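Coordinates in review
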Amino acid sequence: MARPSPPDFSNPDTVRDPYPAFACLREHYPVYWCPHFNAWMLTRFDDVYAAQGDARRYSSDRIRQLVNAQLPEDKRAMVEPFVEKASRWMYAQDGQAHQASRQLLSRAFTPRAIDALRADIQAIVDELLSQLSDEPELMAELFNQVPARILAKLYGIPQKDALRLRRWTDDILVFLVGSLDPAYGPREALQGLEEMYEYFGDLIDQRRQAPEDDLVSRVIAAGEAAAITKGNLLAQLAFVLVAGNTTSADMLGIGLLHLLLNPDQLQALRADLSLMACAIEEMLRIDPSGQFSHRVLQEDIELKGRMMRKGELVFLVRAAANRDAAHFLDPDRFDIRREKNDHLAFGRGEHFCMGTALFRLEAHIVFTSLLMRFPNLRLIDGQPPVWRTNNLQFRGLKTIHVELH
């Protein structure tokens, strides 16, 4: 029997539901050169796991290659300021530079620092829930708001600025790995980045004059002790925003949708809220908002009969790996009691996501509060959720309309 044709990742329908495409790659093309992305795609659990832990051969210094893969040579000069700034982000660094940036941010993400946000997160969620209409669109009214307001609290900035954070991160992220929407192009990405840096540059100057008990002041103090430049301070503060805003909001929407589409699981969770932590891990496994990460090869690597060359991009498709039947039992089933769930949603190795504890706390409070306050929450007949189709890497809902009572 002939192999099926490879999927078309420039098709919005593939982006809307990528899992059949990922299954095709996993089975028939586990090491696949994708002409749309100008990158290799790895989709099996063992391959993705191994690459994530191999920082020597799979470099994270990839912003220039990501941009070059999308833009013709004559258009690259205009985004050189974007490349220069984004290449300083912690997730785009290797070795000692990465460790220094990680250490700079580590104080803000200790278990104690995260737990200290619990009451603030609960207050934010309670306020938003109390303001919901009877048939709310939850992305706009709740899920986009929660992470933005938490980050505003973390940064010590006014709540009115919170949703500006989301606009900046959307402009940057949708462009970074192949926008299918002309509204998110290189000009928008550069403008969003420059506005973000101007805002946080002013904030750094303010906090240097009058420190407060917030992330910015703590990062400044750590940076001064280590003689870190303002440019690097800005880079890491911007990175936390880019990494933690859009993906968290989208993961909340995706997680609720899977509960609502699986009424037996929702009923089990409502009956026993002690299952919440396991339910959140299953949401992350079955449908992560960050579908893949990327690396640049530092040497030629032969894998499953394919030769990947030094300097080429590799996409580590965690969303595909998380549904690998060689690693997970019944992987396409949403099961909040799943016992073996060592998913790759947050990565592995030295680039393991620093924000995992914050997202887990945020999600625990959001879903517990939502289900307790609105036990009859359900999707509205005739108004199905709508997926974004502008970017394969960052998966999320445009809208999810629900009935509360």
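Let me sum up the structure you'll find in this document.

About the thresholds
- Residues numbered from 1 in each chain as written.
- Predicted model: local features only at pLDDT ≥ 70, side-chain atom pairs only at ≥ 80, totals over all residues.
- Heavy atoms only, no water.
- Helix = DSSP H or I, 4+ residues; strand = E, 2+ residues; numbered from the N terminus.
- Expected span 1.5 Å × (residues − 1).
- Contact = heavy atoms within 4.5 Å.
- Axes fitted to C-alpha atoms, helices over the stretch in contact; angles between N-to-C directions.
- Parallel < 35°, antiparallel > 145°, perpendicular 65-115°, else oblique.
- Left-handed = near helix turned anticlockwise from the far one by under 90°.
- Nonpolar A, V, L, I, M, F, W, Y, C, P; charged D, E, K, R; others polar.
- Polar contact = N/O pair within 3.5 Å; in protein donor to acceptor, adjacent residues only side chain to side chain.
- Pairing = 2+ DSSP bridges.
- 1 Å grid on protein atoms, 1.4 Å probe; cavity = no way out; pocket = protein on both sides within 12 Å on 5 of 7 lines; lining within 4 Å.
- Points joined across faces, edges and corners; volume = space filled by probe spheres on them.

**Some thoughts on helix α14 (residues 230-244)**
Residues three or four positions apart in an α-helix share a direction because the helix packs 3.6 residues into each turn. With 15 residues, α14 extends 21 Å between its outermost C-alpha atoms, agreeing within 8% with the 21 Å of an ideal straight helix rising 1.5 Å per residue. Residues of α14 that are buried in the fold lie against α6 (95-106), α10 (145-155), α11 (162-176), α12 (186-209) and α13 (215-225).

**Focus on the packing of α10 against α11**
Two elements in contact, α10 and α11, have axes whose closest approach is 8 Å; the angle formed by their N-to-C orientations is 110°. In terms of their interaxial angle, α10 and α11 are classed as roughly perpendicular. Here the hand of the crossing between α10 and α11 comes out right-handed. Along its contact with α10, which presents Gln145, Ala148, Arg149, Leu151 and Ala152, the element α11 presents Ala162, Leu163 and Leu165. Partitioning the contact of α10 with α11 into residue classes produces six nonpolar, one polar and one charged.

**What about the side chain of histidine 343?**
Looking at where histidine 343 falls in the secondary structure, it is placed in the loop between α18 (318-321) and α19 (356-373). There is a polar contact of 3.1 Å between the side chain of histidine 343 and the backbone nitrogen of alanine 345. Ignoring any residue separated from it by four or fewer positions in sequence, one finds histidine 343 in contact with Glu281, Leu284, Arg285, Asn322, Phe328, Arg348 and Arg360.

**Things to note about the pairing of strand β1 (residues 31-34)**
Along any regular strand, the residues point their side chains to alternate faces of the sheet. Two elements, β1 and strand β2 (residues 39-42), share four bridges in a ladder whose sense is antiparallel. When the bridges of β2 are listed, tryptophan 33 appears paired with tryptophan 40. Taking the residues that link successive antiparallel strands as the turn, the β1-β2 hairpin has four residues, and the phi of asparagine 38 there is positive, at about 55°.

**A word on the layout of surface pockets**
There is about 220 Å³ of room inside the largest pocket. Around the largest pocket, the lining residues are Ala113, Ala116, Leu117, Asp120, Lys153, Leu154, Gly156, Glu212, Asp213, Asp214 and Arg218. Broken down by class, the residue content of the lining of the largest pocket amounts to four nonpolar, one polar and six charged. Size it by volume and the second largest pocket reaches roughly 160 Å³. If you trace the second largest pocket, you find 13 residues lining it, with Asn144, Arg166, Asp170, Arg388 and Leu397 closest to the centre. Elements that contribute at least two residues to the lining of the second largest pocket include exactly α11 and β10 (397-399). Counting residues per element, the lining of the second largest pocket draws most heavily on α11, which supplies four residues.

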